[in-house]
Amino acid sequence: MLRRLLGDWRPTWLDLLLSLAVGVTGLVESFGRQGSQPGQISDPVPLAVGAVVAGTLLLLRRRFPTSLLLALISIGLAVRAVAGDGYYAAWHFYSTLILVHTVASAAELRSRCGLAGLACVLVAYASLQTFQRNDIAEFMISAVFMGVAYGSGILLRRQIDRTLRLAERAIRLEVEREERARQAVAEERTRIARELHDIVSHNVSVMTLHTGGVRMRLGEEHRRERDMLLGVEKAGREAVEELQLMLGVLRRTGDPDPGASRPSLERLDELVTQVREAGVDVRLRITGEPRPLPPGLALSVYRVIQEALTNVLKHSPAASADVVIAHGPTGLDVEITDDGTGGGRGSDGQRPGGHGLIGMRERTAMHGGELSTGPVPGGGYRVVARFPMDAAAATG
């Protein structure tokens with residue numbers, strides 16, 4: 001029965017401390033003021049028992065606050081009836097204030113439970129005035145204490161409700177942010193897939209044409225080889241047809257201009273000129289020994305530089321930016337540094353709601369590379385993308 005009433009509820013450490021405080025102070029008061037003089041306790045046992053019971057009730061104060069307040073009133077009346085010396089115990093007043101506070105924090109005043117709790121508080125206040133002869137000052141003092149206890153409970157409940165609403169909102173915003181990030185990743189991967197399909201389809205078509213040319217040059221004495229090359233041509237044409245079908249599906253998802261020319265590093269000077277015309281002095285520098293790059297890698301390098309410079313224009317009031325492309329023996333490094341303040345960008349280099357960093361990370365990771373972003377000591381911002389050439393060759 002008790003387990004069904006309590007459910008999964010457990011007393012908190014605060015409940016335990018309050019219960020212990022009321023019980024111990026009640027015992028000290030009951031036996032410490034024992035005596036036959038006026039203002040002393042002639043029979044401390046009923047008051048001591050009442051203190052222990054009141055402390056035990058406080059363990060359940062958050063589970064049944066209104067019922068326990070009524071029970072505490074009954075305990076006070078019973079102790080006075082048994083003791084009969086007119087002494088009013090301080091532990092009863094402290095327990096009443098604690099339960100009044102708990103009743104106020106348990107339910108909204110406009111609800112049925114809240115109105116019932118307010119009625120019990122008024123009953124508790126009225127009962128306090130019957131325990132001893134009080135003057136006007138005592139009436140006012142007890143009213144102030146009761147009002148403060150009840151008002152603090154209301155404020156606590158409102159603060160808890162506000163905190164819960166803010167927590168729910170924060171969770172909802174976090175879920176929405178993660179969902180937008182997932183959508184941005186999916187959109188960027190679709191865009192990358194469209195571009196790579198163009199590259200792969202072109203390369204397979206060239207391979208098929210070359211295979212056909214070699215087959216036509218072989219004489220009849222190489223019939224077996226001709227038949228094998230014919231099979232390769234057939235497989236190549238089927239692969240191109242499948243790639244074109246897949247590319248059509250991807251472009252129907254929203255490619256704004258399927259016939260537009262594909263960007264590459266050959267158009268990097270054009271990109272730099274456009275950014276300069278927008279007001280940022282861009283300096284392009286290429287170090288190392290340049291060598292031909294696979295089309296997929298060249299496209300990704302261009303897109304990383306394009307997105308980094310776009311972020312400089314949109315989110316960083318920079319006057320200049322440096323773009324360095326370093327060809328190394330084992331990889332290709334791209335570094336874009338601006339002298340702006342990074343206005344509007346977070347610690348990850350991205351303004352709230354933006355997804356440029358996601359695209360750069362996806363393109364770099366696709367070739368087995370790494371992307372790092374962050375502020376530069378003394379001012380400015382840096383984006384560094386590293387592409388290992390062995391992984392790039394395999395991808396391209």
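Here, residues in each chain are numbered from 1, in the same order as that chain's written sequence. Confidence filtering applies because this is a predicted model: local features only for residues at pLDDT of at least 70, side-chain atom pairs given and counted only at 80 or more, and all residues used for totals across whole chains, interfaces and linings. Only hydrogens and water are set aside; all other atoms, that is, all heavy atoms of the structure, feed into the side-chain values.

To continue, consider the confidence of the model for the protein. Residues shown with low pLDDT carry predicted positions that ought not to be read at fine detail. Values of pLDDT, which run from 0 to 100, indicate the predictor's confidence residue by residue. Averaged over every residue, the pLDDT of the protein is 79; the share at 70 or more is 81%. Contact between two residues is taken to exist if any of their heavy atoms lie within 4.5 Å; hydrogens are not considered. Across residues 343-354, confidence stays below pLDDT 50; counting only partners more than four residues off in sequence or on other chains, it has 26 contacts. Counted against residues more than four places away or in other chains, residues 391-396, with its pLDDT under 50, gives eleven contacts.

Each helix is a run of DSSP H or I of at least 4 residues and each strand a run of E of at least 2, with the numbering of both proceeding from the N terminus. Expected span of a helix: the number of residues minus one, times 1.5 Å. The first and last C-alpha atoms of helix H5 (residues 90-106) sit 25 Å apart over 17 residues, in line with the 24 Å expected at 1.5 Å per residue. Accessibility here uses a 1.4 Å probe with only protein chains present; expressed as a share of the type maximum, an area under 20% marks a residue as buried, one over 50% as exposed, and anything in between as partly exposed. Among the residues of H5, those classed as buried are Trp91, His92, Phe93, Ser95, Thr96, Leu97, Ile98, Leu99, Val100, Thr102, Val103 and Ala104.

Right, let's get into the packing of helix H4 (residues 65-83) against helix H6 (residues 112-128). For helices, the fitted axis covers only the stretch in contact; all axes are lines through C-alpha atoms, and the angles between them, taken along N-to-C directions, range from 0 to 180 degrees. Across the interface, H4 lies against H6 with an axial gap of 10 Å and an inter-helix angle of 15°. In this view, H4 runs roughly parallel relative to H6, as classed from their interaxial angle. Here H4 runs over H6; the crossing is left-handed. When H4 is examined against H6, the residues Thr66, Leu69, Leu70 and Ile73 are found in contact with a partner set consisting of Ala116, Gly117, Cys120, Val121, Val123, Ala124 and Ser127. Note on terminology: angles under 35 degrees are roughly parallel, angles over 145 are roughly antiparallel, angles of 65 to 115 are roughly perpendicular, and the others are oblique. It is the rotation of the near helix from the far one that decides the hand of a crossing: anticlockwise by less than a right angle makes it left-handed, clockwise makes it right-handed.

Okay, the pattern of salt bridges next. One speaks of a salt bridge when a side-chain nitrogen belonging to Lys or Arg is within 4 Å of a carboxyl oxygen belonging to Asp or Glu. A full pass over the atoms with the stated rule returns nine salt bridges. The residue aspartate 15 makes a salt bridge to arginine 61 at a minimum N-O spacing of 2.8 Å. Taken together, the residues span a long stretch of sequence, with aspartate 15 in helix H2 (residues 13-32) and arginine 61 in the loop between helix H3 (44-58) and H4 at a distance of 46 residues. Here the two residues aspartate 15 and arginine 61 agree in accessibility, since each one is buried. Linking aspartate 322 and arginine 283 is a salt bridge whose minimum nitrogen-to-oxygen distance equals 2.6 Å. With aspartate 322 in strand S2 (residues 320-327) and arginine 283 in strand S1 (residues 281-288), this residue pair connects regions lying 39 residues apart in the sequence. A relative accessible area of 28% means that aspartate 322 is categorised as partly exposed. Overall, the relative accessible area of 39% leaves arginine 283 in the partly exposed class. One network of salt bridges, with partners in common, ties together Asp15, Arg61 and Arg62.

Here a Phe, Tyr or Trp ring, Trp counted by its six-membered ring, pairs with any other such ring whose centre lies within 6.5 Å, and the pair is stacked when the planes are under 30 degrees apart, edge-to-face when over 60, and tilted otherwise. Under the counting rule described, the total for this entry stands at one aromatic pair. Ring centres of phenylalanine 93 and phenylalanine 145 lie 5.9 Å apart, and the angle between their planes is 80°; this geometry places the pair in the edge-to-face category. Of this pair, phenylalanine 93 sits in helix H5 while phenylalanine 145 sits in helix H7 (residues 136-217), and the two are 52 residues apart along the sequence.

This part takes up the sheet that holds S1. At least two bridges found by DSSP between two strands is the condition for calling them paired. Sheet architecture is open: five strands sit in the order S1-S2-S3-S5-S4, paired in mixed fashion. The outermost strands of the open sheet, each flanked by one partner alone, are S1 and strand S4 (370-375). Averaged over all neighbouring strand pairs, the angle between strand axes comes to 10°, with direction disregarded. Of the strand pairs in this sheet, S4 and strand S5 (residues 381-388) are connected by six bridges, and their pairing is antiparallel. Residue pairing for S5: glutamate 370 is matched across the bridge by arginine 386. Taken strand by strand, helix H9 (residues 268-277) contacts S1 and S2, and its axis lies near 155° from that of S1. Helix H10 (residues 295-315) contacts S1, S2, strand S3 (331-338) and S5 of the sheet and is inclined by roughly 10° relative to S3.

Structural remark: α-helix, 3.6 residues per turn; residues separated by three or four positions point the same way. Residues of H9 that are buried include every one of Leu268, Leu271, Val272 and Val275, and no others. The arc enclosing the buried residues of H9, seen along the axis, measures out at 100°, which places them on a common side. Along H9, the residues that are exposed and aim more than 90 degrees away from the buried face are Asp269 and Glu277. Those residues of H9 that are buried are in contact with S1, H10 and S2. Looking one or two residues past H9, glycine 279 carries a phi angle of roughly 115°, positive in sign. Working note: the arc is built from the helix axis to C-beta atom directions.

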